[in-house]
Amino acid sequence: MAVPRERRACGAEVTQPEVRPRLRGLGARCRGWRTVSWAMPRAAGLGRAAALGPLLAAHVVAAIEPISVGIALGAASALTGYLSYTDLYCRFAECCREEQRLNASALKLELEEKLFGQHLATEVILKALTGFKNNKNPKKPLTLSLHGWAGTGKNFVSQIVAENLHSKGLKSNFVHLFVSTLHFPHEQHIKLYQDQLQGWIRGNVSACASSVFIFDEMDKLHPGVIDAIKPFLDYYEQVDGVSYRKAIFMFLSNAGGDLITKTALDFWRAGRKREDIQLKDLEPVLSVGVFNNKHSGLWRSGLIDRNLIDYFIPFLPLEYKHVKMCVRAEMRARGSAIDEDIVTRVAEEMTFFPKGEKIYSDKGCKTVQSRLDFH
Ligand SMILES: Nc1ncnc2c1ncn2[C@@H]1O[C@H](COP(=O)(O)OP(=O)(O)OP(=O)(O)O)[C@@H](O)[C@H]1O
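My aim in this report is to walk through the structure given alongside it, one point at a time. This is a predicted model, so every value here is computed, not measured. (Residues numbered from 1 in each chain as written. Predicted model: local features only at pLDDT ≥ 70, side-chain atom pairs only at ≥ 80, totals over all residues. Heavy atoms only, no water.)

Read across the open sheet, the five strands follow the order S2-S3-S4-S1-S5; overall the sheet is parallel. Each edge of the open sheet is held by one strand with a lone partner, namely strand S2 (175–179) and strand S5 (311–315). With direction set aside, neighbouring strand axes in the sheet form an average angle of 15°. Bridging between S2 and strand S3 (residues 212–216) involves five bridges; their strand directions are parallel. Note on S3: the bridge partner recorded for Val 175 is Val 212. The strands touched by helix H14 (residues 279–291) within the sheet are strand S1 (142–148) and S5, with S5 carrying the most contacts at an inclination of about 105°. (Pairing = 2+ DSSP bridges. Helix = DSSP H or I, 4+ residues; strand = E, 2+ residues; numbered from the N terminus. Axes fitted to C-alpha atoms, helices over the stretch in contact; angles between N-to-C directions. Contact = heavy atoms within 4.5 Å.)

The next point concerns the packing of helix H8 (residues 119–134) against helix H9 (residues 154–165). Between H8 and H9, the shortest axis-to-axis distance is 12 Å and the interhelical angle comes to 25°. Comparing their axes, H9 and H8 come out roughly parallel. As H8 runs across H9, the sense of the crossing is right-handed. Here H8 contributes Ile 125, Leu 129 and Lys 133 to the contact with H9, which in turn contributes Val 157, Val 161 and Leu 165. (Parallel < 35°, antiparallel > 145°, perpendicular 65-115°, else oblique. Left-handed = near helix turned anticlockwise from the far one by under 90°.)

All chains considered together, the criterion is met by three disulfides. The side chain of Cys 90 participates in a disulfide bridge whose partner is Cys 95; the two sulfur atoms lie 2.0 Å from each other. On the sign convention where negative is left-handed, the bridge of Cys 90 and Cys 95, at about -95° about the S-S bond, is left-handed. Like Cys 95, Cys 90 is buried. Across the disulfide from Cys 326 sits Cys 365; the S-S distance is 2.0 Å. Torsion about the S-S bond of the Cys 326 and Cys 365 cystine: about 85°, corresponding to right-handed handedness. Taken together, the residues span a long stretch of sequence, with Cys 326 in helix H16 (residues 320–333) and Cys 365 in the loop between strand S7 (360–361) and helix H18 (368–372) at a distance of 39 residues. Just as Cys 326 is buried, Cys 365 falls in that class too. Here the disulfide map of the protein chain reads 1-2, 3-4, 5-6, the bonded cysteines being numbered as they appear in the sequence. (Disulfide = S-S within 2.5 Å. Buried < 20%, exposed > 50% of the residue type's maximum accessible area, 1.4 Å probe, protein only.)

Now the structure itself:
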C-alpha cells in the first residue's frame, strides 16, 4: 500500500485526515505531524525517556535518524576523549537544556539594534524573559500577549526570542508555532482543536519543559479554543504528572491595535514624545479591550479573568522614520550599500494614516522587503 506523502516524510501517523490542520509546505507539515505524534500516546514515554538521561534520549533520536546519529557519535567518540556523553550527544542532536540561562545582554543588544520604534516591547520582553529564566522555580509558565498593528514587529520579536531561548529558533524541535487560520480554521471543530491543542502541548512539554509555544493570528482564533490550555497556564505544580512551569507561551494579535494607535496619537497631538508612553498607559486598556472584543481570540477568556497572562505588550504603530530604518536594515541584510535616495523612495511609497496627519505606516514595515526589490 502506498504510504501517504506526509507519513513518508515525517514518520508520523495520520490520525484524523478529514479534519487535520492544512499545513503549508513540507516543513510545516512535518512540524504539525511530529507534534501530533509526540503528543499522543507516546508522549509520556518520551518525557520519561528524556528524564532518564542522554543515553535513552539518544535512542529516541537514533530511532529517528539511526545512521547519521550513530556515525556522528561514533566518529566523535573516537576523536575526543574529554567530552561527556551528554556534551557529545548534544553536538549532534538538538538537546533541550532546561537549565540553560538566558544571555540577557545578547538579547538586549539584539532588541535594541534590530527592533525599531518599540521601546515598550523591548523593555517588557527583556525584563519578563530575564526574570523568568533567572528563576529556578517559576510558579507558572510565562505568558506574553503581543498586540499591535500589522507589520510592527510581533513575529519578528518572537523569532528573536525563540532564537535566544533555543539556538535553532523557529526551526527548533522545542519551539512550536500555531497559526489560527492554518491550524484551527473551522468553527465546527472547536472541540477537536481543544483536544488536539491539549495533546500537542502536553506531549511537547513532556519532552522538553522549556518548550516555547507561539500562537499567531490570535484575533482570528475562534472564541474558546485557547481556554483549553488554561490549566497549563495556571499555578499548578503539575497537571497529570507534567509540570508546565518552565514553558513559555506567546500570543500574537492585531486586536487592540486601534487602542494602541489612539494612545500614540493622543501623545503625538499633545506634543509629547512617543518614548514617554509607558506600559501603564496601555496595559490595562489592552487587557480590558481584548477581553471585551469578540474577535480577539481572548474574548471573555478565563486566561484574562484568572490573570494568567503575565504581560500585555503593546507594539506601537511605526512612523516614517522607522520605515526608513527598516529599509536600511533590509539593505544591510542583503549586503548592499545604503543608498539614501532608495531609502526615501521606498518609504514614500508606503501609505500613512490618519488621513490628515499621515504619521503611521498602515502596513508597518511589512512590505518593505518586496518594495525594495523594485529599486
Ligand atoms: N519594529 C520593527 N523593527 C524592525 N523591523 C521590523 C519592525 N516591524 C516589522 N519589521 C520588519 O517587517 C517584517 C514584518 O514584520 P512582522 O511580521 O514582525 O509584523 P507583525 O507585527 O507580526 O505583523 P502581523 O500582525 O501582520 O502578523 C519583519 O520581518 C521585519 O523585517
